[in-house]
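# Notes for the structure review
Each chain is listed here by its residues.
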2 protein chains.
Amino acid sequence: MALAATDQTTTTSIDFGPAAALSCRECGARYDLGPIFACVECFGPLEVAYEFGAVTREQIAAGPANVWRYRALLPVPENVLDRPNMAPGWTKLVKADRLARELGVRALHVKDDSGNPTHSFKDRVVAMAVEAARNFGFHTLSCSSTGNLAGAVTAAAARAGLDACVFIPADLENAKIVMASVYGGRLVGIEGNYDEVNRFCSELIGDPMGDRWGFVNVNLRPYYAEGSKTLAYEIAEQLGWRLPDQIVIPIASGSQLTKIDKGFRELIKLGLVEDKPYRIFGAQAAGCAPVAAAFRAGHDVIRPVKPDTIAKSLAIGNPADGPYVLDIARRTGGAVEDVTDEEIVDSIHLLARTEGIFAETAGGVVIGVLRKLLREGKLDPDAETVVLNTGDGLKTLDAVSAKARPTAIIKPSLDSFRAALGG
Amino acid sequence: MALAATDQTTTTSIDFGPAAALSCRECGARYDLGPIFACVECFGPLEVAYEFGAVTREQIAAGPANVWRYRALLPVPENVLDRPNMAPGWTKLVKADRLARELGVRALHVKDDSGNPTHSFKDRVVAMAVEAARNFGFHTLSCSSTGNLAGAVTAAAARAGLDACVFIPADLENAKIVMASVYGGRLVGIEGNYDEVNRFCSELIGDPMGDRWGFVNVNLRPYYAEGSKTLAYEIAEQLGWRLPDQIVIPIASGSQLTKIDKGFRELIKLGLVEDKPYRIFGAQAAGCAPVAAAFRAGHDVIRPVKPDTIAKSLAIGNPADGPYVLDIARRTGGAVEDVTDEEIVDSIHLLARTEGIFAETAGGVVIGVLRKLLREGKLDPDAETVVLNTGDGLKTLDAVSAKARPTAIIKPSLDSFRAALGG
């Protein structure tokens, strides 16, 4: 298998649906849709700009039970439905009445993205990247990953018939390593943390070895990141076309949080939901909390940290979208908070015990922050609240293995049972 | 926590929707709906008998994206939608074109039940058992389990606010042990295989300690088992209200296979699909293949075996519904086959590599048997075929851990990458 797809120069006809251009988030400069991610004027990040047609609730509701029901709002062609892809999304919005009661909250929902095909929200963003790769004629998908993304990319590549070569820190959880390699793409472990993996990929993309590869979170990032908007659309539609009052979102790079805000604003602009205030809260692990630290200190810039937390899927020490997260949290009247590893584990158990949802450590971070915000009076217990579980507990078993053990081991007899459980 | 729910004698008003009675599968004797499972006349298994009203495709399509869209065909009350439950089902039917091409099959679909809340088909059957437990006023849910069921029961109990006490063989995969205990119910490991766990539960149900417990696969079994019918309904609806020509189904107790057949026949009878022949194939692991052995030998009875296979979720040495499976396979022109552990692992990799679906060992059994049937000319490569993946690879990591490793471990430098991958 050649590392560089040098023979793949055919340009298929480019069709990004309603996406009209890329525009710089900093200076507003516009670019043709292409595999680029930074503004040549000011080095600001590029994002997709749209020219939306008329979009109605009915039209969306008539679509499939996956992210493609929102294809009129995404950088994908109309015929995306007919192509082999993972068709993620339309995950459950669980009305969490038992958890709400335990926390003293009036109306609480968990958006449970563990229901995605590879059991994390990453399937949403990767689905957009696959379509972009097809548009640009890239036959190899790549990424730097803290684990979930690597599995999502290699699975999506397998389904789509693309090659994959993905990069992870070598010390990841076993479940994530197996999941990233079982789909048959190349998986490369890097001796270093996620930020080092990321830097390596930035070098590779400028090298002939990585030429004409689609790095989903580098040169395809503007398209990829749009996938997180579908979380906003689904939450609003599942609430009955209404925005929540408050939402708690985990922060890794910060991209997901900024795109959920973008999604809410688009829905308002298109008249699909009523305009109303909503407050966005960010959640980090104390062992990697550069955005929470900047928020508390009132800073506009993020001071990078060296991550040390069990929440590996959030362990990005230098989050690219950190400054935008600060803006959004401040503009909407939200906040950014962090919780310790101990609180993360405790919160995973709390969510499992009350709602039957087994969350990844990132989900524990969100529930932990929800509790902390309530405790500190920063979150209104009477307002409608949505929290995100972005991954699956099966991928971070080690976090709970110590406490999640059998109550007893017995012989197959009533006497043994009686003795063990005091019946 | 008391082991026996002795204070829970309140009988709520019983509402099983269209279910009219229990009837004996052997002698046809009828019984009122109750927490019973065997005929007092002939000891035959009881199953739910219905009086269906008019049911239309439109009425079903207007329902939610879960099993409750078929509530008019299930032993549940109309208001099941309003109760806290896991709302499983409506999992993807994946058009497996790349796998089909590799195997030389014309039209192949994978019904991927790893998309259920606890990532196995067990969420379907447990959802029915929870409603039955509510009907009978049972406040503790219990089961014997090879792992998947224990997780499904404890999760569903947590969501529904019921107690749980579940029993598993003590030597299960770690992921299944964690998953069965994280939801906060009691998990008891038994030193013995599944058949011994099962026998223990039969004793417990007659003992005051287990009095008024809902054992989902014992005294609630008639209701529980009906949940598997939803696989038949979904496959037919997702094919555009059409039955497949051929279907390959894994065999543990055999109940799932018999209920899929029942579901297909109900759809024909209700005029929801066109009447047409379909062939049902059963799949077992060679290390626990009593039904395949009986099928090959032309026997009507099953000779129990001591299981020895990596496919632990199918490791039932004395499958209760084995004789019915033989009937159905013979009546429909199908077959029952088995594959070795090596073929199971190989088939898990094949499915992952071609379709981006990471199956549990049981899914490997089904894909392995699909290949074997094709090789032996027992399955028509030109007929529309559906195969089931009933669980998630994340729960049986050990099966693939040896081969699913990183391609290389490198330092974060282009030189190191070039050296490792020969770029």
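Per chain, residue numbering runs from 1 following the sequence as it is written. Throughout, the order in which chains and ligands are written sets their labels, letters from A for the former and numbers from 1 for the latter. Per-residue local features are limited, in this predicted model, to residues with pLDDT of at least 70; the limit for side-chain atom pairs, both in listing and counting, is 80 or more; totals at the level of whole chains, interfaces and linings are taken over all residues. For side-chain calculations, the full set of non-hydrogen atoms in the structure is used, while hydrogens and water are omitted.

For clarity, the cut-off: UniProt positions are given in the numbering used here, feature names are shortened, and annotations may be inferred rather than shown by experiment.
Looking at an unreviewed UniProt entry, one finds chain A named Threonine synthase, with Thermostaphylospora chromogena as its source organism. UniProt's Sequence similarities (unreviewed entry) comment on chain A is quoted here verbatim: "Belongs to the threonine synthase family." As recorded by UniProt, the Cofactor (unreviewed entry) comment attached to chain A reads in full: "pyridoxal 5'-phosphate".

### A word on the pattern of salt bridges
Test applied: Any carboxyl oxygen of Asp or Glu that lies within 4 Å of a side-chain nitrogen of Lys or Arg is treated as forming a salt bridge with it. Think of it this way: any DSSP run of H or I at least four residues long counts as a helix, any run of E at least two long counts as a strand, and we number them from the N terminus. Remark: exposure states derive from per-residue accessible area (1.4 Å probe, protein chains only) relative to the maximum for the residue type, with buried under 20%, exposed over 50%, and partly exposed in between.
Taken as a whole, this structure holds 68 salt bridges over all chains when the rule is applied. Linking E234(B) and R124(B) is a salt bridge whose minimum nitrogen-to-oxygen distance equals 2.8 Å. Taken together, the positions of E234(B) in helix α8 (residues 229–238) and R124(B) in helix α3 (residues 122–136) put the pair 110 residues apart, joining distant regions of the chain. Overall, the relative accessible area of 0% leaves E234(B) in the buried class. Ionic contacts of the salt-bridge type, sharing partners, join the residues R25(A), E47(A), E226(A), K229(A), K259(A), K262(A) and E266(A) into one network.

### Brief notes about the environment of R124(B)
All names here are of chain B. To keep it simple, the criterion reads: In this analysis, two residues are considered to be in contact whenever any of their non-hydrogen atoms come within 4.5 Å of each other. Polar contacts, as counted here, are pairs of nitrogen or oxygen atoms within 3.5 Å of one another; within protein the pair requires one atom able to donate a hydrogen and one able to accept it, and residues that are adjacent in sequence qualify only if both atoms are side-chain atoms.
Overall, R124 belongs to the buried group, its relative accessible area being 0%. Once you skip the residues sitting within four places of it in the chain, R124 turns out to touch V67, P88, G89, W90, T91, K111, D113, N116, G227, T230, L231 and E234. Within the structure, R124 has its side chain in polar contact with the side chain of E234 (distance 2.8 Å).

### Some points on the packing of aromatic side chains
Stated formally: Pairing of aromatic rings covers Phe, Tyr and the six-membered ring of Trp, with a centre-to-centre limit of 6.5 Å; geometry is then stacked below 30 degrees between planes, edge-to-face above 60, and tilted otherwise. Over a ring means this: the NZ of a Lys or the CZ of an Arg is within 6 Å of the ring centre and within 35 degrees of the ring normal.
Within this structure, the stated rule accounts for 24 aromatic pairs over all chains. For the pair Y50(B) and F52(B), a centre-to-centre distance of 4.7 Å together with 15° between the ring planes defines the contact as stacked. According to the relative accessible area criterion, F52(B) is partly exposed, its value standing at 27%. Through pairs of rings, three or more aromatic residues link up here, namely F16(A), F136(A), F138(A) and Y223(A). Across from the ring centre of Y324(B), 4.0 Å away, lies the NZ or CZ of R25(B), which sits over that ring. One Lys or Arg, R69(B), reaches over the ring of W90(B) and ends 3.8 Å from the middle of that ring.

### Concerning the relation of the copies chain A and chain B
Condition: A least-squares fit on C-alpha atoms brings the copies together, and the residues used are those whose pLDDT is at least 70 in both copies.
When chain A is fitted onto chain B, the two copies agree to an RMSD of 0.0 Å after a turn of 180° and an axial shift of 0.0 Å. Here the two chains are linked by the operation of a two-fold rotation axis. Measuring from the rotation axis to each C-alpha of chain A, the shortest distance belongs to G115(A), at 2.9 Å. Both copies present the same face, since 100% of the interface residues in chain A are matched by interface residues at the equivalent positions in chain B.

### Some remarks on empty space enclosed by the protein
Residue and element names in this part refer to chain B. Here is the rule we go by: Cavity and pocket criteria rest on a 1 Å grid covering protein atoms alone: a 1.4 Å probe that fits but cannot get out defines a cavity, protein on both sides within 12 Å along at least 5 of 7 lines defines an open pocket, and an atom within 4 Å of a point defines a lining residue. Grid points are joined across faces, edges and corners, and a volume is the space filled by probe spheres set on the points. Amino acids outside the nonpolar list (Ala, Val, Leu, Ile, Met, Phe, Trp, Tyr, Cys, Pro) and the charged list (Asp, Glu, Lys, Arg) are all regarded as polar, and Gly is one of them.
Per the counting criterion, the structure on display carries two cavities of 30 Å³ or more. Around the largest cavity, the lining residues are N85, M86, D123, V126, A127, V130, A152 and A156. Of all elements in the fold, only α3 and α4 (148–160) reach the threshold of two or more residues within the lining of the largest cavity. Of the residues forming the lining of the largest cavity, the biggest block, four residues, is contributed by α3. Of the residues contributing to the lining of the largest cavity, the split by class is six nonpolar, one polar and one charged. Taken as a whole, the second largest cavity spans an internal volume of roughly 30 Å³.

### Observations regarding the interface of chain A and chain B
Let me state the cut-off plainly: When two parts are brought into contact, each loses some accessible area as probed by a 1.4 Å sphere; the total of that loss over both is the buried area. Should DSSP find at least two bridges between two strands, the strands are regarded as paired.
Listed per partner, the contact involves 73 residues of chain A and 73 residues of chain B. For the pair chain A and chain B, the summed buried surface comes to about 6000 Å²; carbon and sulfur atoms form 66% of the total. Sorting the residues of chain A by area buried against chain B places R159(A), L394(A) and F417(A) first, and these three jointly supply 11% of that buried surface. Linking chain A to chain B there are six salt bridges. Between R159(B) and E355(A) there is a salt bridge, and its shortest N-O distance comes to 3.8 Å. Between chain A and chain B we count 26 residue pairs in polar contact (both at pLDDT 80 or more) in total. The dominant element in the side of chain A that touches chain B, judged by the number of residues it contributes, is helix α5 (residues 174–181) of chain A, at six residues. Pairing analysis gives three bridges linking strand β8 (residues 186–190) of chain A to strand β14 (residues 408–410) of chain B, with the strands arranged parallel. In the strand pairing of β14(B), V188(A) is matched with A408(B).

### Some thoughts on helix α11 (residues 322–332) of chain A
Think of an α-helix as 3.6 residues a turn; residues three or four steps apart then line up on the same face. All names here are of chain A. All buried positions along α11 are accounted for by G322, Y324, V325, L326, I328, A329 and T332. In this structure, the buried side of α11 is in contact with α9 (255–269), β11 (279–285), α10 (290–297) and β12 (336–339). Backbone geometry just after α11 places G333 at a positive phi near 80°.

### Looking at the side chain of Q256(A)
Residue and element names in this part refer to chain A. One can find Q256 in helix α9. Relative accessible area serves as the criterion here: at 7%, Q256 is assigned to the buried category. Once residues within four sequence positions are removed from consideration, Q256 is found in contact with F121, S228, L231, I249, P250, L388 and T390.

### So, the pairing of β8(A)
Residues and elements named next belong to chain A. Formally: Handedness is read with the strands pointing away from the viewer; a crossover is right-handed when the path from the first strand over the helix to the second is clockwise.
Counting buried residues in β8 gives five out of five residues, a clear majority hidden from the surface. Side chains of β8 alternate between two faces, with R186, V188 and I190 and L187 and G189 buried alike. Where strand β7 (residues 163–169) and β8 come together, five bridges link them in parallel fashion. Bridging from a neighbouring strand, F167 pairs with V188 of β8. Each parallel crossover has a hand, and for β7 linked through α5 to β8 it is right-handed.

### Details of the sheet that holds strand β14 (residues 408–410) of chain A
Threshold: Axes here refer to lines fitted to C-alpha atoms; in helices the fit is confined to the stretch in contact. Angles between the N-to-C directions go from 0 to 180 degrees.
Strands sit in the order β14(A)-β8(B)-β7(B)-β6(B)-β9(B) across an open sheet of five strands; the sheet is parallel. Of all the strands in the sheet, just β14 of chain A together with β9 (213–215) of chain B have a single pairing partner and so form its edges. Strand-to-strand, the axes of this sheet are offset by a mean angle of 25°, without reference to chain direction. Docked against the sheet, α4(B) engages β6 (140–144) and β7 (163–169) of chain B, running at close to 170° with respect to β7(B).

### Focus: the UniProt feature "modified residue: N6-(pyridoxal phosphate)lysine" (unreviewed entry) in chain A
All names here are of chain A. The UniProt entry lists K122 under the feature "modified residue: N6-(pyridoxal phosphate)lysine" (unreviewed entry), expressed in the numbering used here. With respect to the secondary-structure elements, K122 resides in helix α3 (residues 122–136). Not counting the four nearest positions on each side in its chain, K122 is found in contact with N148, L149, A152 and Y224.

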